[in-house]
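As a plain string of letters, each chain reads:
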Amino acid sequence: MAGRANIPTNSSALIAIIADEDTVTGFLLAGVGNVDLRKKTNYLIVDNKTTVKQIEDAFKEFTSREDIAIVLISQYVANMIRFLVDGYNKPVPAILEIPSKDHPYDPAHDSVLSRVKYLFSAESVASDRR
């Protein structure tokens, strides 16, 4: 099928994470962490000293790497770079917003959920016209 995104098959694809320390630590303990030969990691720990520029740079790096299939980002962090998250439209890596311990999940701010709602509302309008 033309236009399908290819996930690398010669080695396993990674999950990247941008979140607070507790969330990142949990995923690292689950085996998500990776450090390559150039000492590049697949995670960014966001705390009160992390600048928006650092978050933007990590997001851009993770979404451009060919070895990453999914980027998990805490919703409150995604809100800091909402323009980048909402503007991202490639299927791979997939961007998933997750809750954190201190910031509950708010479906109203989830870009993926809003796109799904839009698609389903567009389909229902199209089916009503038939």
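Note that this is a predicted model, so its numbers are computed, not measured. (Residues numbered from 1 in each chain as written. Predicted model: local features only at pLDDT ≥ 70, side-chain atom pairs only at ≥ 80, totals over all residues. Heavy atoms only, no water.)

### Structural notes on the pairing of strand E1 (residues 14–19)
For E1, the buried fraction is high: 5 of the 6 residues fall into the buried class. Sheet analysis places E1 next to strand E3 (residues 68–74), joined by 5 bridges and oriented parallel. For Ala 16, the partnering residue across the bridge sits in E3 and is Val 71. The sheet contact formed by E1 and strand E2 (residues 43–45) spans 3 bridges and is parallel. Bridge assignment links Ile 18 to a residue of E2, and that residue is Leu 44. This β-α-β element, E1 to helix H1 (residues 21–29) to E2, shows right-handed connectivity. (Buried < 20%, exposed > 50% of the residue type's maximum accessible area, 1.4 Å probe, protein only. Helix = DSSP H or I, 4+ residues; strand = E, 2+ residues; numbered from the N terminus. Pairing = 2+ DSSP bridges. Right-handed = clockwise from strand over helix to strand, strands pointing away.)

### Thoughts on the nonpolar core
Ranked by internal contacts, the top residues of the largest apolar core, which has 20 residues, are Ile 18, Phe 59 and Ile 73. When residues of this core are traced back to their parent elements, those giving at least two are E1, helix H2 (52–64), E3, helix H3 (75–80) and helix H4 (82–87). By residue number, the principal contributor to this core is H2, which donates 4 residues. Residue contacts for Phe 59: discarding those within four places in its chain leaves Ile 18, Ile 73, Ile 81, Leu 84, Val 85, Tyr 88 and Ile 95. Ile 17, Ala 19, Leu 72 and Ile 98 belong to the second largest nonpolar core, which has 5 residues in total. (Core = buried A, V, L, I, M, F, W, Y, C linked by side-chain atoms within 4.5 Å. Contact = heavy atoms within 4.5 Å.)

### Regarding the side chain of Arg 65
On the secondary structure map, Arg 65 appears in the loop between H2 and E3. For Arg 65, a relative accessible area of 14% corresponds to the buried category. Separated by 3.0 Å, the side chain of Arg 65 and the backbone oxygen of Thr 41 make a polar contact. At 3.0 Å, the side chain of Arg 65 and the side chain of Asp 67 are in polar contact. With residues near it in sequence (within four places) discarded, Arg 65 still touches Leu 14, Lys 40, Thr 41 and Asn 42. (Polar contact = N/O pair within 3.5 Å; in protein donor to acceptor, adjacent residues only side chain to side chain.)

### As for the pattern of salt bridges
Scanning the entire structure with this criterion turns up 8 salt bridges. A salt bridge links Asp 22 to Lys 101; its shortest N-O distance comes to 2.6 Å. Taken together, the residues span a long stretch of sequence, with Asp 22 in helix H1 and Lys 101 in the loop between strand E4 (94–98) and helix H5 (111–128) at a distance of 79 residues. The exposure class of Asp 22 is partly exposed, given its relative accessible area of 42%. On the basis of relative accessible area, Lys 101 is assigned to the exposed category, the value being 61%. (Salt bridge = Lys/Arg side-chain N within 4 Å of Asp/Glu carboxyl O.)

### Description of H2
With 13 residues, H2 ought to run about 18 Å at 1.5 Å a step, and its terminal C-alpha atoms sit 18 Å apart, in line with that. Among the residues of H2, those classed as buried are Ile 55, Glu 56, Ala 58, Phe 59, Phe 62 and Thr 63. Mapping the buried residues of H2 onto a view down its axis gives an arc of 165°, with all of them on the same face. Residues of H2 that are exposed and point over 90 degrees away from its buried face: Lys 53 and Ser 64. Elements in contact with the buried residues of H2: E1, E2, E3, H3, H4 and E4. (Expected span 1.5 Å × (residues − 1). Arc of directions from axis to C-beta.)

### Thoughts on the sheet that holds E1
In space, the 4 strands of this open sheet follow the order E2-E1-E3-E4, with parallel pairing throughout. The open sheet has two edge strands, E2 and E4, and neither has a second partner. In this sheet, adjacent strand axes meet at a mean angle of 20° when their direction is disregarded. Across the sheet, H1 is in contact with E1, E2, E3 and E4; its angle to E1 comes to roughly 160°. (Axes fitted to C-alpha atoms, helices over the stretch in contact; angles between N-to-C directions.)

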